[in-house]
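Each chain, letter by letter, is given below.
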Amino acid sequence: MKKYISKFHYLTQDMANRSHTEQVEIACAAGANWIQYRCMTKSDDELIDEINDLAVICDDWGATLIITNHYDLLDRVDAQGVHIEDFDADLVTIRKVIGEDKTLGTSATNAVDLLKIQNLGVVDYCGYGPFAHTDTKLNDFPLLGYEGYRLLEKQPVDIPVIAVGGIQLTDVEQLLKTGIYGIAVSSAINLSLNPAAMVKEFYRSIF
């Protein structure tokens, strides 16, 4: 049975003026139902404490909580799954470690790798990008633009594909016309003057 995957993924990020907890409180209160916690700067103990704090917020609002990369922590926190950004990760082994009940997402930057991931049969969805320039994380991969997603329509893709990387509100309508499943957003919300209002605007554009 395929797991539920939201069409809108909200990603937290390290910010000087707003904690991950504050980001999640704002997003969930505004209607976000899929939260991806992305933090690469803390120790395991710090991560566990923060993830469990986020889990309380997500539970209160009925949101799914996904953690980035730290799949080894899943049995110590109340999260529904993990998103693996490491392109060299052994996804089959990770699936065995986390079990079938947890959601497993990963990332790809080209159609060849996306199809390889799909053929493994262990991943529930794939973040595909970068769509445009993003400062959320460092990368030197070619920008896909709209055409990069349109090309997927010619491929035998049946895994949910989530567009990611520098997506702005004005990009949503055109991106969804390419046949992708959904979008992931971080900076366009977190760096906006009114993050809560921006979450709502993205939802209106998607649904």
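Rules used throughout
Residues numbered from 1 in each chain as written. Predicted model: local features only at pLDDT ≥ 70, side-chain atom pairs only at ≥ 80, totals over all residues. Heavy atoms only, no water. Buried < 20%, exposed > 50% of the residue type's maximum accessible area, 1.4 Å probe, protein only. Helix = DSSP H or I, 4+ residues; strand = E, 2+ residues; numbered from the N terminus. Pairing = 2+ DSSP bridges. Right-handed = clockwise from strand over helix to strand, strands pointing away. Axes fitted to C-alpha atoms, helices over the stretch in contact; angles between N-to-C directions. Contact = heavy atoms within 4.5 Å. Core = buried A, V, L, I, M, F, W, Y, C linked by side-chain atoms within 4.5 Å.

Caption draft 1: Main features of the pairing of strand β2 (residues 34–37). Going residue by residue along β2, you find W34 and Q36 tucked away on one face and I35 and Y37 tucked away on the opposite face as well. Pairing of strand β1 (residues 8–11) with β2 involves two bridges; the strand directions are parallel. When the sheet's bridge partners are listed, Y10 is paired in β2 with I35. Regarding topology, helix α1 (residues 20–29) serves as the crossover connection from β1 to the parallel β2, and that connection is right-handed. Sheet analysis places β2 next to strand β3 (residues 64–68), joined by four bridges and oriented parallel. Its bridge partner lying in β3, I35 is registered against L65. In the classification by handedness, the crossover that spans β2, the intervening helix α2 (residues 44–61) and the parallel β3 is right-handed.

Caption draft 2: Just the pairing of strand β6 (residues 125–128), in detail. Residues Y125 and G127 line one face of β6 and the alternating positions C126 and Y128 line the opposite face, and both faces are buried. Judged from the four bridges that link them, strand β5 (residues 103–108) and β6 form a sheet pairing that is parallel. Bridged to G105 within β6 is Y125. Handedness of the β-α-β unit built from β5, helix α4 (residues 111–120) and β6 comes out right-handed. The pairing of β6 with strand β7 (residues 161–163) spans three bridges and is classified as parallel. Bridged to G127 within β7 is I162.

Caption draft 3: Region of the structure containing the sheet that holds strand β4 (residues 81–84). Strand order in the closed barrel formed by eight strands is β1-β2-β3-β4-β5-β6-β7-β8, with parallel pairing between adjacent strands. Geometrically, the sheet is characterised by an average inter-axis angle of 25° between neighbouring strands, direction not taken into account. Of the strands in this sheet, β4 and β5 are in contact with helix α3 (residues 91–98), which crosses β5 at around 160°.

Caption draft 4: Representation of the nonpolar core within the structure. Residues F8, I35, L65, I183 and F202 are the most contacted members of the largest nonpolar core, which totals 56 residues. Per-element tally for this core: the top contributor is α2, with seven residues. The contacts of I35, once residues within four sequence positions are left out, are Y10, T12, V24, A27, C28, C58, A63, T64, L65 and I66. Counting residues in hydrophobic clusters, the runner-up holds seven residues, among them I66, Y125, I162 and A184.

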